[in-house]
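# Notes for the structure review
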Amino acid sequence: MKFTLSWLKDHLETEASLDTITATLTMIGLEVESVTDASAALAPFVIARVVSAEQHPNADRLRVCMVDPGTGDPIQVVCGAPNARTGLIGVFAPPGTHVPGTGVDLKVGEIRGVESRGMLLSERELGLSDEHAGIIELAADTPVGTPYATWAGLDDPVIEIAITPNRADCLGVHGVARDLAAAGIGTLKDQAIAPVAGNGPCPVGVTLSFPEGNPICPAFALRKVTGLKNGPLVDITNFLTYDRNRPLHVFDAAKVHGDLTVRRARAGETLLALDGRTYTFDDTMCVITDENGVESIGGVMGGEETGCSEDTTDVLIESALWDPLAIARTGRALNVVSDARFRFERGIDPAFTLAGLELATRMVLDLCGGTASDVVLSGEIPADRRTIAFPVAEVERLSGVAVPHARIVEILTSLGFEVAGSGDVLDVTTPTWRADYEGKAHAGSPRLRRGAHLVVRLQAPCGGLRRRQAGTGACQPDRQRPVRHAPEPGARPRPVASEERRSRNARPAAVRGRTGVPGRSAARPEDRRDRRPARHGETFRRRTALVRQRRSGRRLRREGRRACRPGRSRHTLRVRRLAHAGARG
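A few points on the structure. (Residues numbered from 1 in each chain as written. Predicted model: local features only at pLDDT ≥ 70, side-chain atom pairs only at ≥ 80, totals over all residues. Heavy atoms only, no water.)

### Here's the deal with the packing of helix α7 (residues 233–244) against helix α10 (residues 353–368)
Where we set the bar: Think of each axis as a best-fit line through the C-alpha atoms, taken over the contacting stretch in the case of a helix, with angles from 0 to 180 degrees between the N-to-C directions. Where helices and strands are cited, they refer to DSSP runs of H or I of at least four residues and of E of at least two residues respectively, numbered from the N terminus. With the far helix as reference, a near helix turned anticlockwise by less than a right angle produces a left-handed crossing, and one turned clockwise produces a right-handed crossing. Whether two residues are in contact is decided by their heavy atoms: any pair within 4.5 Å suffices. Think of it as three bins: nonpolar holds Ala, Val, Leu, Ile, Met, Phe, Trp, Tyr, Cys and Pro, charged holds Asp, Glu, Lys and Arg, and polar takes everything else, Gly as well.
Where α7 contacts α10, the axes come no closer than 10 Å and their chain directions differ by 145°. Between α7 and α10 the crossing geometry is right-handed. Between α7, through L233, I236, F239, L240 and R244, and α10, the contact on the second element is made entirely by G356, L359, A360, M363, V364, L367 and C368. When the residues that make up the contact of α7 with α10 are grouped by side-chain class, the tally is 10 nonpolar, one polar and one charged.

### Quick notes on the sheet that holds strand β23 (residues 301–302)
Stated formally: Strand pairing is defined by DSSP finding a minimum of two bridges between the two strands.
The strand order across the open sheet formed by five strands is β15-β18-β21-β22-β23, and the pairing between neighbours is mixed. A single partner strand is all that each edge strand has here, and the edge strands are β15 (206–209) and β23. By the bridge criterion, two bridges tie strand β22 (residues 293–297) to β23 in an arrangement that is antiparallel. Within β23, the position partnered with I297 by the bridge is M301.

### Notes on the packing of aromatic side chains
Think of a pair of aromatic rings as described by two things: how far the centres are apart, and how the planes are tilted against each other in angle. To keep it simple, the criterion reads: A pair of Phe, Tyr and Trp rings is counted when the ring centres sit within 6.5 Å of each other, with Trp represented by its six-membered ring. The angle between the planes then sorts it: under 30 degrees is stacked, over 60 is edge-to-face, the rest tilted. Only protein chains enter the accessibility calculation, which uses a 1.4 Å probe; a residue is then buried when its area is under 20% of its type maximum, exposed when over 50%, and partly exposed in between.
One pass over the structure, following the stated rule, counts three aromatic pairs. A centroid spacing of 5.9 Å and a plane angle of 15° characterise the contact between W7 and F239, whose relative ring orientation is stacked. Note that W7 is positioned in helix α1 (residues 5–9) and F239 in helix α7, a separation of 232 residues in sequence. What makes F239 partly exposed here is its relative accessible area of 32%. With 6.1 Å between their ring centres and 35° between their planes, Y148 and W151 make a pair best called tilted.

### Some details on unusual backbone geometry
Even without being a glycine, R112 presents a positive backbone phi close to 55°. For N335, which is not a glycine, the phi torsion comes out positive at approximately 55°. Structurally, N335 can be placed in the loop between α8 (324–334) and α9 (339–344).

### What to know about the pattern of salt bridges
This is how it is decided: Note on definitions: salt bridges are taken to be side-chain nitrogens of Lys or Arg within 4 Å of carboxyl oxygens of Asp or Glu.
Tallying each qualifying case throughout the model produces 17 salt bridges. For the salt bridge of K255 with D252, the shortest nitrogen-to-oxygen distance reads 3.9 Å. Look at K255 and you get partly exposed, because its relative accessible area is 28%.

### Describing a nonpolar patch on the surface
Quick reminder of the rule: Residues with no salt bridge and a relative accessible area higher than 30% make up the patches, which join like charges within 9 Å and nonpolar side chains (Val, Leu, Ile, Met, Phe, Trp, Tyr) within 5 Å. Here the Shrake-Rupley method, with its probe set to 1.4 Å, supplies the accessible areas, and only the displayed protein chains count as covering residues.
A contiguous nonpolar patch, built from L354, V375 and L377 and spanning about 200 Å² of accessible area, is present on the exposed surface. Turning to its location among the elements, L354 is positioned in helix α10.

### Comments concerning the sheet that holds strand β27 (residues 387–391)
The strand order across the open sheet built from three strands is β27-β29-β28, with neighbouring strands paired in antiparallel fashion. The strands lining the two open edges of the sheet, one partner per strand, are β27 and β28 (418–420). Put simply, the sheet's adjacent strands are angled 30° from each other on average, direction ignored. Bridging between β27 and strand β29 (residues 425–429) involves five bridges; their strand directions are antiparallel. Note that in β29 the partner of A389 across the bridge is D427.

### Examining the environment of A162
Structurally, A162 is set in the loop between β13 (158–161) and α6 (173–182). Residue classification places A162 among the partly exposed residues on the basis of a relative accessible area of 21%. Sequence separation of A162 and E31 is 131 residues, and the distance between their C-alpha atoms is 5.4 Å. Those residues in contact with A162 that sit more than four places away from it in its chain are L30, E31 and E33.

### Examining the environment of A59
Inspection of the secondary structure assignment puts A59 in the loop between β4 (46–55) and β5 (63–68). You can call A59 buried: its relative accessible area is 9%.

So, in structure tokens, the structure goes:
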């Protein structure tokens, strides 16, 4: 998932540097895959004014411009852009600058006998787009001398993190900020969402029809907004998906006929979805229907027929809960991937169902106008909270690090858990956004192990297990090595290597029998495990080459020619035949 630093700070009050934030993200299990900082590449470029633009004496299509980069001392630049003129405000690159869009390093030079000491840039040369019909033109009131990246808002680093399947709560920027605040590098901005007062009941009703029990949709909330002007409707729903991990759907109310019914699909029903593909359903899938038939795939994707357009003035905003297993089964069967499916099949925060609808309504009213109705809720939002028996001693047994009892309570509380009790076993109640904690934890539970390691990572002052930088004594974050857990009570002890085997493995490679000859070794069979195994990439290449040789051999034999065996050249085979014939003679 990608987000900008400023977006993160919308939810996190912090003075931490970018390096500290990225290191903490990796430390708490949200591995940083990349950080893209466009400001570094665009730092040399400044906003400048063209003081004068005269015709080049030796070229019809060139102009000799005097450019003021904000210093008051104009610089001569030869420019071939057709829109270069006196008074234009653009982007200037001085000599010695690397142009990212073309890969050119600027130098002072002569163009048709006239010296040029820089360049006025187009969008393509800045790497912003493919537009290069002319140089960039900025508004007349743009401040001259300001760094272009700062003025254009391009100095905001983009952070990309990897989200493991169990951390669906961090598929929104707010969830990432919540974990960073728990790690101690800031304060979460968790403001309550005020409900929007409705202007009468919603004219469209919702029915959940699951007579067989086990509803695929436990709760479905709906609200109608009338008299709006469509523009950023899709942007609003996309923003809330990535900002709050709350997928929503918007129907064009004028295209919905009657009330909505959420039910299992009937075998053979079809829908033209928003991605332009037609899907055929079976009775294991969930759909949303009206009087005319299927309108959308529940929890996966909406339909084209009820989608919004530029002429849309009335909409129905949906915020629903879906069974994760049913959504995953439907997505795989239909071979459809969407942001909604990706989140619902991992589990989202049920407590944010109505709050997400209220937040979306507020954004629609502020950006599109209109009047909202009351909210209609069908079903019941589950109180999805579990209480886990958390033995305090398990933290040290599973991790090998002693963490004070008070610190364990503090960390769990900062992560949103409710902790009760003060003895050796704590009753820990999970927050609604942590769907990966299920059932009662016990000593061997993987979830309890993850919780213990999380406590240890947050407890350690330098990010868990550490190494000291040579010569400085400073703690440096490092990849955590595998921790050998203490055996559980009553568990069978692991076999211990004999003294002879340990001493043999400790000897140098030459003593163990390595001859130094490629492909040859005098090592005993029991010592072959000491050899360093080939890397996965090397093994793959060797196997691929072997398969190709075998295929080539079959092809040559089909053509009536004899091919050499894999790994042996024709010359080697011929020499061996002659040697064998000589031995027999």
